[in-house]
Amino acid sequence: MAVRPVSKHPDTVLRQKAKKVPVIDKSVKTLIDDMIETMFANNGCGLAAPQVGVSLRCIVIGMPEEEPFAIVNPEIVKRVGDRDVEEACLSVPGLAGEVKRSVSVIVKGLDRYGKPFRVKGRELLGQALEHEIDHLNGVLFIDRVESLDKLHKKEQPVSGATETV
Ligand code: ZN
């Protein structure tokens, strides 16, 4: 396992539509392990493969006090509700802003062994799933803020903790 460098906006890899993972081979398993290590090294709670320069549809999620897990070829199959949340991103260092996210989502995909599974995410988990799947489509949270002047420095005190995903 290794910590990989995190791609930063405006790196073009962050703007590409990532390709489906055709087969979960050894290199994809290594990618997953490295992404989990990179996420934790940067205190993130989610990471998408384009953020480590790999344009493949693979994300990892690391919620506080839960086992981290990967979803290969994730797809949102259901979204419920709307809410405004503070968001930040390891690929857009130093900035945070308010975006609209769902109250809960259901995502399907494959685990690291290629087994299909579904995960239901509410609140922070739902937000992280939507944020990471956005990365696979070349979308950053700064595209989702109402206007760029709603972005602010992450150091500023905000209501509640800003999770970096
Ligand atoms: Zn991000």
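Residues numbered from 1 in each chain as written. Predicted model: local features only at pLDDT ≥ 70, side-chain atom pairs only at ≥ 80, totals over all residues. Heavy atoms only, no water.

Colleague: Please give an account of the side chain of Glu 87 that cites residues and values.
Modeller: The residue Glu 87 is located in strand β4 (residues 83–89) in this model. A distance of 2.6 Å separates the side chain of Glu 87 from the side chain of Arg 101, its partner in a polar contact. (Helix = DSSP H or I, 4+ residues; strand = E, 2+ residues; numbered from the N terminus. Polar contact = N/O pair within 3.5 Å; in protein donor to acceptor, adjacent residues only side chain to side chain.)

Colleague: Kindly report on the pattern of salt bridges, identifying the contributing residues and their values.
Modeller: Considering all chains together, one arrives at 8 salt bridges under this definition. Between Asp 34 and Arg 4 there is a salt bridge, with the nearest N and O atoms lying 2.8 Å from each other. On the criterion of sequence distance, the pair formed by Asp 34 in helix α1 (residues 26–41) and Arg 4 in the segment before α1 is long-range, its members being 30 residues apart. According to the relative accessible area criterion, Asp 34 is buried, its value standing at 6%. You can call Arg 4 partly exposed: its relative accessible area is 25%. For Lys 100, the salt bridge identified is with Asp 84, shortest N-O distance 2.9 Å. Of this pair, Lys 100 sits in strand β5 (residues 92–101) while Asp 84 is found in strand β4, placing the two residues 16 residues apart along the sequence. (Salt bridge = Lys/Arg side-chain N within 4 Å of Asp/Glu carboxyl O. Buried < 20%, exposed > 50% of the residue type's maximum accessible area, 1.4 Å probe, protein only.)

Colleague: Which residues make up the sheet that holds β4, and what values go with them?
Modeller: The 3 strands are arranged β4-β5-β8 in an open sheet whose pairing can be described as antiparallel. Every other strand in the sheet has two partners, leaving β4 and β8 (152–153) as the edge strands with one partner each. Taken together, the 2 bridges between β5 and β8 define a ladder with antiparallel strand orientation. Within β8, the position partnered with Ala 96 by the bridge is His 152. (Pairing = 2+ DSSP bridges.)

Colleague: Explain α1 to me, and be specific about the residues and the numbers.
Modeller: Here α1 is 16 residues long and its end C-alpha atoms lie 22 Å apart, about the 22 Å a rise of 1.5 Å per residue gives. Among the residues of α1, Val 28, Leu 31, Ile 32, Asp 34, Met 35, Ile 36, Thr 38 and Met 39 are the ones counted as buried. Each element contacted by the buried residues of α1 is listed here: β1 (46–48), β2 (58–61) and β3 (69–80). (Expected span 1.5 Å × (residues − 1). Contact = heavy atoms within 4.5 Å.)

Colleague: An account of the sheet that holds β3 is requested, with residue identities and associated values reported.
Modeller: If you walk across this open sheet you meet the 5 strands as β1-β2-β3-β6-β7, and the pairing is antiparallel. Two strands lie at the open edges of the sheet, namely β1 and β7 (116–122), each paired on one side alone. Between one strand axis and the next, the sheet turns by 40° as a mean value, whatever way the strands run. Bridge analysis of strand β6 (residues 104–110) against β7 gives 7 bridges, and the strand direction is antiparallel. Its bridge partner being in β7, Gly 109 is matched across the sheet by Phe 117. Against the sheet, α1 contacts β1, β2 and β3, and its axis sits at roughly 45° relative to β2. (Axes fitted to C-alpha atoms, helices over the stretch in contact; angles between N-to-C directions.)

Colleague: Residues and numbers for the environment of Lys 120, please.
Modeller: On the secondary structure map, Lys 120 appears in strand β7. By relative accessible area, Lys 120 is classed as exposed at 53%. With 44 residues separating them along the chain, Lys 120 and Ile 76 place their C-alpha atoms 9.8 Å apart. Setting aside its immediate chain neighbours within four residues, Lys 120 contacts Ser 104, Val 105, Ile 106 and Leu 125.

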